[in-house]
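Remarks on the overall topology
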Amino acid sequence: MVLQLCLTSAIDDDSYELCTSTLCNLSGNPPVLFNNFTAMFKPNPSFDIEQTNSKNQLIEQNRLKLCKGVPLDCLEPDNKQRDHRMLRKYDDDELKGFDLRILQRMLHGSIDVDEMDVDERDASDSAWILSISDIPPAGANRKVSSQAITESTITTTGGSSASITSFLSELGYILDYRLLVIGVKFNMKHNVYLELSKIWQIDNAGITRQLTKGGFMVKAFVNVAKSTDIKSINNGTNALLNLQKELSGYIDLTIPDRKSMDSRLENLNDI
Amino acid sequence: MNSTVIFIERSAPATITDFYDVLANDLISVKEKWSFEFKTFRFTVKNLPPDSPRLMHSITFSHHGNKTVTIKNKSAVVTSTNPGDIPTSLILNGCSSRSSEPFDHLLTSKLSNLWTQRQSIKGDFGSTYQTAELIIRATNVFSYGGFKGLLIELECEENVQDTDFEQRVAKIRNYLKEMGIEDYKICGDSIDPLMKNYACNLAFQYVKVLEF
């Protein structure tokens, strides 16, 4: 179980250029382009699912998060333009120059049989990270948000219906909603990562909607591998607070609303 | 790469020694010890269509890089807790935080309202024999401390033809016959003939012979 400590903020589109160069100087590292495709799965509503397990413990129904990166050349075919500046072109709902069918293929496998024979699918192609996150604990005197995340690595999928979606439907889960995140990441001091990202929601008809329109989401976080490692938690908290102090007046990092980080089924406000 | 799994329920804890004696003439070397764990989970949803299967199986192999295969119906996933098995693209893109947990843990903690663990079968400290033709893994199988039987896994090298492999398996079956063992379950099928995913196929064969 990973404990993720984080602080968030936002900047507008016009500040992006200056912000990246400021953070670049501050961290001493160039920005790293990243992206990930997230598919959230919910328990199949047609099933009559108990709220308790065999030991009569209450188990709240959580969404499952399935996550993997999208190859960068799908987003920007030109290698020379593939740096942090490419994010400037995404100021609208549309994902310009991106074929959404790639995402479809990732989730459901290739429908076209011929195509499957042609390209030899390498092993990392069907790898996913499956995770479930708890709602961050409440408390008035918290300095940073801390969220417990349980994750598992799926290295490959197999069987005669080999897509990840068919396995999860056997598990009792169906697709709820899909997100695509594109952003830049800075490696700051003391294992703090700072991300500036844009987030799109993709609906079933293939229409994209930018959730971060007009700006970028800023997230500074530290991952602590063990939730019992008090020393690392304290170090991480202090590192985040130092960064908060350093950036104050420019980017005001605050604790995100814990309710917006709730992935339980009853909570629908976050979508 | 081909494999076949044999499970002999009507056997004694000493059968494995007899088997070793029979093989002794063919042996090139005795290799590493191995183990596996086989768990069965049951879907607790009540209003499931009557024809859909309720059981899911997960098998962890100490050989094959400590991978776990979880199989239900026609779908399978291979999970790993080895940090080296997380693809770097997933780490660089911020999907993984580099600390994976066994998939079984996810089932028994976060999804325990949907899935209940039914039984756990273990084979510990099994032997690996290398002959000129096959790699033979044999282990006694226990369930909660009680002896369940003898499990034999046969594997050959990558470039061996299917028909050759079948002959080699037949030879082992002859040995078993000589030992007076004729009542056993054997499975050499594959879950999906198109995509030759070795770990998934092997797990599928384990499920077929161990499901009782």
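These figures come from a predicted structure and were not determined experimentally. (Residues numbered from 1 in each chain as written. Chains lettered and ligands numbered in written order. Predicted model: local features only at pLDDT ≥ 70, side-chain atom pairs only at ≥ 80, totals over all residues. Heavy atoms only, no water.)

**Description of the overall build of chain B**
In terms of helices and strands, chain B carries five helices and nine strands. Along chain B, helices (α) and strands (β) appear in the sequence β-α-β-β-β-β-α-α-β-β-β-α-β-α when read from the amino end. Since a compact globule built from 212 residues should have a radius of gyration of about 17 Å, the 18 Å found for chain B is in line with a globular shape. Overall, the C-alpha framework of chain B stretches about 55 × 40 × 35 Å when taken along its three principal axes. Relative to its 212 residues, chain B shows a buried fraction of 52%. Sequence-distant contacts, at least 24 apart, represent 63% of the contacts inside chain B between residues at least 6 apart. Accessible surface for chain B amounts to roughly 9,700 Å². Of this, 48% is attributable to carbon and sulfur atoms. One way to put it: in chain B the 23 positive side-chain charges average out to a point 9 Å from where the 25 negative ones average out. (Helix = DSSP H or I, 4+ residues; strand = E, 2+ residues; numbered from the N terminus. Rg over C-alpha atoms; globule rule 2.2 N^0.38 Å. Buried < 20%, exposed > 50% of the residue type's maximum accessible area, 1.4 Å probe, protein only. Contact = heavy atoms within 4.5 Å. Areas by Shrake-Rupley, 256 points an atom, 1.4 Å probe, with all protein chains shown as cover. Lys, Arg positive; Asp, Glu negative; His and termini not counted. Charge placed at Lys NZ, Arg CZ, Asp CG, Glu CD.)

**Points about the packing of aromatic side chains**
Applying the stated criterion to the full structure yields twelve aromatic pairs over all chains. Feature note: the residues Trp-34, Phe-36, Phe-61 and Tyr-206 of chain B constitute an aromatic cluster, connected by ring pairs. Geometry around Trp-128 of chain A places Lys-68 of chain A over its ring, the cationic atom sitting 4.8 Å from the centre. (Phe/Tyr/Trp six-rings, centres within 6.5 Å; stacked < 30°, edge-to-face > 60°. Lys NZ or Arg CZ within 6 Å of the ring centre and 35° of its normal.)

**Description of the interface of chain B and chain A**
With 49 residues of chain B in contact, the opposing surface of chain A contributes 50 residues. Taken together, both faces of the contact between chain B and chain A bury some 4,300 Å²; the carbon and sulfur share is 56%. Our count for the chain B to chain A interface comes out at three salt bridges. Close ionic contact of Lys-110 of chain B with Asp-134 of chain A constitutes a salt bridge, the shortest N to O distance being 2.6 Å. Connecting chain B to chain A are 23 residue pairs in polar contact (both at pLDDT 80 or more). Elements with a minimum of two residues in the side of chain B that touches chain A: strand 4 (68–72), strand 5 (75–80), helix 2 (88–92), helix 3 (103–109) and strand 6 (115–131) of chain B. In terms of residue count, the dominant contributor to the side of chain B that touches chain A is strand 5 of chain B (six residues). For the side of chain B that touches chain A, the class distribution of residues is 23 nonpolar, 17 polar and nine charged. By the bridge criterion, six bridges tie strand 5 (residues 145–159) of chain A to strand 5 of chain B in an arrangement that is antiparallel. Bridge pairing in strand 5 of chain B places Thr-153 of chain A opposite Ser-80 of chain B. (Buried area = accessible area lost by both parts, 1.4 Å probe. Salt bridge = Lys/Arg side-chain N within 4 Å of Asp/Glu carboxyl O. Polar contact = N/O pair within 3.5 Å; in protein donor to acceptor, adjacent residues only side chain to side chain. Nonpolar A, V, L, I, M, F, W, Y, C, P; charged D, E, K, R; others polar. Pairing = 2+ DSSP bridges.)

**Here we look at the side chain of Glu-170 of chain A**
As for its position among the elements, Glu-170 of chain A is in helix 5 (residues 164–171). Judged by relative accessible area, Glu-170 of chain A falls into the buried class, the value being 16%. When residues no more than four places from it in sequence are discounted, the contact partners of Glu-170 of chain A are Phe-43, Lys-72, Asn-73, Ser-75 and Trp-115 of chain B.

**So, the environment of Ala-39 of chain A**
All names here are of chain A. By the secondary structure assignment, Ala-39 is in strand 2 (residues 32–43). The exposure class of Ala-39 is buried, given its relative accessible area of 0%. Considering only alpha carbons, one finds Ala-39 and Gly-183, 144 residues apart in sequence, at a separation of 17 Å. When sequence neighbours within four positions are dropped, the list of residues in contact with Ala-39 reads Leu-64, Lys-65, Leu-66, Leu-107, Leu-175, Tyr-177 and Arg-178.

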